[in-house]
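Notes for the structure review
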Amino acid sequence: MLRNEEKEAEATFEKYKDILYRIAFSNMKSKADAEDVVQEAFCRYLKAKPTFDGEDHERAWFIRVVINICYDIQKSAWFSRTVAFDEVPEREMKHFKIPYVEEDETVRHVMGLPAAYRNPLYLFYYEDYSVKEIARIMELGEGTVKTRLRRGREMIKERILYGAEKGQEPYGKGEGFQGKALKEGGKDAD
Amino acid sequence: MRINEWYKNRADGKGVGNAAGSPNAKKLCDISIKSCKIKPEEDSFLNSLQKSMIQEEAMKEYRTKAEKDGRLSPKRVSRMEREIGAKKAESINIRMEGNAAIKGAKEVPVRKIPYQECDMVEINVMEGYVLKAKREGEQEGKQSGYPVYIEKKSDDGETKAYLFDGAHSRQDSKDEMERMAYAVMHSDKKI
């Protein structure tokens, strides 16, 4: 009996580990942290033993859990003191590979966005999720997701056109209400 | 009291029930017919509106004709020039150029193909869309080449899909989907 459960858990892990790692990496910008997040997500899965309506539901649950764990870590005092949010270290980027898609600089800009914008943009462009699916995964309205996609795109444009300093200004190091809310991925961002 | 009377009284300095009115008020009869004339700028606006309506009509006709024939030909454009005047045809030509790519394609139901099944994926974060392309099998009984399925997913939540004839798509087209169809057709990857 235990063997069967182990096998099932292993199969689930194999099925989702890659996509969950990529999502965790896009948030944490570090291989080690991303792996920790994925591990934690599976621990929660084994502990909660949730039941799902189907594969889509299961995948959405995992993604949601991974994003929440990332938010929790990023909110912690230790993380904010020790890790620079908006930068993706060059040495870490070699641990990040998106399948089927030609990578360019834009993915780094997406990773540099505040969490509220980063996750919808990453899921939409690099994991091929629709607005509806993202809304369901992130427990947001479809309109909110569309707004975040549009604003995130504008931020990236600004960052590319006017350089990192100006582009980072509105969502910089926790300055101001908006920056703080967005950094925490809060729903009040809109 | 009738409204006209009331206006008259008001202009005469009488209010309701012969009370004091507004002495500076203008009588309706004082308003000259000249002031009702359409101003030149309004006139030009109407003119341009009329012109664009005529052009729209002509364009509709042209479209139906072109659709009947199956494609847009330069002969037809020149005939249009004769029929509706060079200027109109010129403007239509510009508009048709923009629509030509979509017209050359056939809109099909969205299949939502995943990235791994695509022959080419183009992510354009700056413009807010993703293009997915997949070459289809050979068309039965046609020598025209392979159709290319292109799916465009925009960040406004809209997803549209078109079927392009890869052999006839242009590399220098203004439409990104047609350019992609061309790229997919001429990529090394074989079906």
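For the structure, see preceding data.
Below: a short report on this structure. All of these numbers come straight from a predicted model, not from anything done at the bench.

**Comments concerning helix α3 (residues 55-75) of chain A**
A turn of α-helix holds 3.6 residues, and therefore any two residues three or four places apart point the same way. Between the first and last C-alpha of α3 of chain A there are 30 Å, a value that for 21 residues agrees with the 30 Å anticipated at 1.5 Å per step. Turning to α3 of chain A, its buried residues number three or more, namely A60, F62, I63, V65, V66, I67, I69 and C70 of chain A.

**Comments concerning the pairing of strand β3 (residues 129-135) of chain B**
Two faces, one strand: in a regular strand the side chains alternate between the faces of the sheet. Residue and element names in this part refer to chain B. Across the seven residues that make up β3, a large majority, six, are buried. In terms of strand pairing, strand β2 (residues 120-124) meets β3 through five bridges, oriented antiparallel. Within β3, the position partnered with N124 by the bridge is Y129. The loop that links β2 with its antiparallel partner β3 comprises four residues; one of these, G128, has a positive phi angle of about 80 degrees. As judged from the seven bridges shared by β3 and strand β4 (residues 147-154), these two strands associate in the antiparallel manner.

**Quick word on the pairing of strand β5 (residues 159-165) of chain B**
Residues and elements named next belong to chain B. By the bridge criterion, three bridges tie strand β1 (residues 106-108) to β5 in an arrangement that is antiparallel. Across the sheet, the residue bridging to E107 is Y162, located in β5. Both β4 and β5 contribute to a ladder of seven bridges, which runs antiparallel. Counted as the bridge partner of K152 is K160 from β5. Joining the antiparallel neighbours β4 and β5 is a turn of four residues, in which G157 adopts a positive phi near 90 degrees.

**As for the sheet that holds β3 of chain B**
Residue and element names in this part refer to chain B. Spatial ordering of the open sheet is given by β1-β5-β4-β3-β2, a layout of five strands whose pairing is antiparallel. Among the strands making up the open sheet, the edge pair consists of β1 and β2. Direction aside, neighbouring strands of the sheet carry axes that sit 25 degrees apart on average.

**What about unusual backbone geometry?**
Residues and elements named next belong to chain A. Notably, K29 is not glycine yet its phi reads approximately 60 degrees, a positive angle. Summarising the element assignment, K29 is placed in the loop between α1 (2-28) and α2 (31-48). Positive phi is not limited to glycine here, since E139 has a value of about 55 degrees. Note that E139 resides in the loop between α8 (131-138) and α9 (142-168).

Criteria and cut-off values
Sequence order sets the numbering: in each chain, residues are counted from 1 along the sequence as written. Going through the entries in the order they are written, you letter the chains from A and number the ligands from 1. Given that the model is predicted, a residue must reach a pLDDT of at least 70 before its local features are reported, and side-chain atom pairs must reach 80 or more before they are shown or counted; all residues, however, enter totals for whole chains, interfaces and linings. Going along the chain from the N terminus, every DSSP run of H or I of four or more residues is numbered as a helix, and every run of E of two or more is numbered as a strand. Each helix should span, by expectation, one fewer than its residue count multiplied by 1.5 Å. Burial is judged by counting the other C-beta atoms within 10 Å of a residue's own C-beta: 20 or more makes it buried, 12 or fewer makes it exposed, and any count in between marks it as partly exposed, with every C-beta position built from the backbone. When DSSP locates at least two bridges between a pair of strands, those strands are taken to pair. Think of each axis as a best-fit line through the C-alpha atoms, taken over the contacting stretch in the case of a helix, with angles from 0 to 180 degrees between the N-to-C directions.

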